[in-house]
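Analysis of the macromolecular model
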Amino acid sequence: MVTHHADAARAWSAAAAVVDPEVPVLSIDDLGVLREVTVTDDGVEVVITPTYSGCPAMDAIREDVVRALAAAGFGDVRVRLELSPAWTTDWISAKGRTALKEFGIAPPSATGPVSLRLSVKCPHCGSLDTREVAHFGSTSCKALFVCRGCGEPFDHFKAI
Ligand SMILES: [Zn+2]
């Protein structure tokens, strides 16, 4: 099997430019969803790890990746979902965290179901005195929170 390094870099750039449809300020690269892009004689294989198992955005991301690679001249694109190891918020890049904050979404600060029950920080004033008002916010991947400090509502990413 022959790999093509120049093509691989170009394919990665094309795939990495795909944004999360839920959060258009964030690319799937910054989100840590894009894991691997391999170019071989047979085509391109892209490996992505979903942020949230029930997230409908994954289908959109999968289609966008194929489209982006096709636009960059790559045919025969296969997108594989890799569920293990599971995505964690640690995979969000520093740039991604900044973008999330500017977008008004609290980046998940801790991983795991236990720590998730701990405080969610308000992206507006930084207060930890917040509460969940709706388990499904603007999309099924986010929950709606409201801050008791400043009274502002905000979206919070649900981690698994
Ligand atoms: Zn606040």
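Above this text you will find the structure in question.
Below is a short write-up of the structure. Just so it is clear, the structure is predicted and the values come from calculations on it, not from any experiment.

**A few points about the overall build of the protein**
Along the backbone of the protein there are three helices and seven strands. Moving toward the C terminus, one meets the helices and strands of the protein in the order α-β-β-α-β-α-β-β-β-β. Within the protein, counting contacts between residues at least 6 apart in sequence, those at least 24 apart form 51% of the total. Of the roughly 8200 Å² of accessible surface on the protein, 55% is carried by carbon and sulfur atoms.

**Here's the deal with the sheet that holds strand E1 (residues 34-40)**
Spatial strand order, E1-E2-E3: three strands in an open sheet with mixed pairing. If you trace the sheet from one side to the other, it starts and ends with E1 and strand E3 (77-81), each paired once. On average, each strand axis in the sheet is inclined to that of its neighbour by 15°, with strand direction left out of account. Where strand E2 (residues 43-48) lies against E3, five bridges are found, and the strand directions are parallel. Residue pairing across strands places Val44 opposite Val77, the latter belonging to E3. Strands in contact with helix H1 (residues 5-16) are E1 and E2; relative to E1, the strand with the most contacts, it is inclined by about 140°. Strands in contact with helix H2 (residues 57-71) are E2 and E3; relative to E3, the strand with the most contacts, it is inclined by about 150°.

**Observations regarding unusual backbone geometry**
In this structure, Pro85 follows Ser84 across a cis peptide bond, with omega equal to 0°. Structurally, Pro85 can be placed in the loop between E3 and helix H3 (94-103).

**Observations regarding the packing of aromatic side chains**
The full count for this structure, using the stated rule, is one aromatic pair. Judged by centre distance (5.8 Å) and plane angle (25°), the ring pair of Phe145 and Phe154 falls under stacked. Over the ring of Trp91 we find Arg35; its NZ or CZ atom is 3.6 Å from the centre of that ring.

**Focus on H3**
Within the span of H3, buried status applies to Gly96, Ala99 and Leu100. Projected down its long axis, H3 carries its buried residues within an arc of 100°, all on one side. H3 presents Ala94, Lys95, Lys101 and Glu102 as exposed residues on the side facing more than 90 degrees away from its buried surface. Positioned one or two residues after H3, Gly104 has a phi angle of 85°, which is positive.

**Examining the coordination of the zinc ion**
Around the zinc ion, the donor atoms from the protein are Cys122 (SG), Cys125 (SG), Cys147 (SG) and Cys150 (SG), and they sit 2.3 Å away. Counting the intervening residues between successive donors of the zinc ion yields the motif C-x2-C-x21-C-x2-C. Taken together, the positions of Cys125 in the loop between strand E4 (105-106) and strand E5 (130-134) and Cys150 in the loop between strand E6 (142-147) and strand E7 (153-157) put the pair 25 residues apart, joining distant regions of the chain. For Cys125, a relative accessible area of 43% gives the class partly exposed.

**Focus on the side chain of Thr40**
Residue position: Thr40 is located in strand E1. Here Asp42 takes part through its backbone nitrogen, which lies 3.1 Å from a polar atom of the side chain of Thr40.

**Points about the nonpolar core**
Nonpolar side chains in soluble globular proteins generally cluster together in the buried interior. Ranked by size, the top nonpolar core spans 30 residues in total, and within it Leu34, Val44, Val46, Ile48, Val65 and Leu69 carry the most contacts. Listed by contribution, the elements that provide at least two residues to this core are H1, E1, E2, H2, E3 and H3. Among the elements that make up this core, the one with the highest residue count is H1 (five residues). In this structure, Val120, Cys122, Phe145 and Phe154 belong to the second largest nonpolar core, which totals six residues.

The rules behind these values
- Residues numbered from 1 in each chain as written.
- Predicted model: local features only at pLDDT ≥ 70, side-chain atom pairs only at ≥ 80, totals over all residues.
- Heavy atoms only, no water.
- Helix = DSSP H or I, 4+ residues; strand = E, 2+ residues; numbered from the N terminus.
- Contact = heavy atoms within 4.5 Å.
- Areas by Shrake-Rupley, 256 points an atom, 1.4 Å probe, with all protein chains shown as cover.
- Pairing = 2+ DSSP bridges.
- Axes fitted to C-alpha atoms, helices over the stretch in contact; angles between N-to-C directions.
- Phe/Tyr/Trp six-rings, centres within 6.5 Å; stacked < 30°, edge-to-face > 60°.
- Lys NZ or Arg CZ within 6 Å of the ring centre and 35° of its normal.
- Buried < 20%, exposed > 50% of the residue type's maximum accessible area, 1.4 Å probe, protein only.
- Arc of directions from axis to C-beta.
- Donors = N, O, S within 2.8 Å, 3.2 Å for Na, K, Ca; no water.
- Polar contact = N/O pair within 3.5 Å; in protein donor to acceptor, adjacent residues only side chain to side chain.
- Core = buried A, V, L, I, M, F, W, Y, C linked by side-chain atoms within 4.5 Å.

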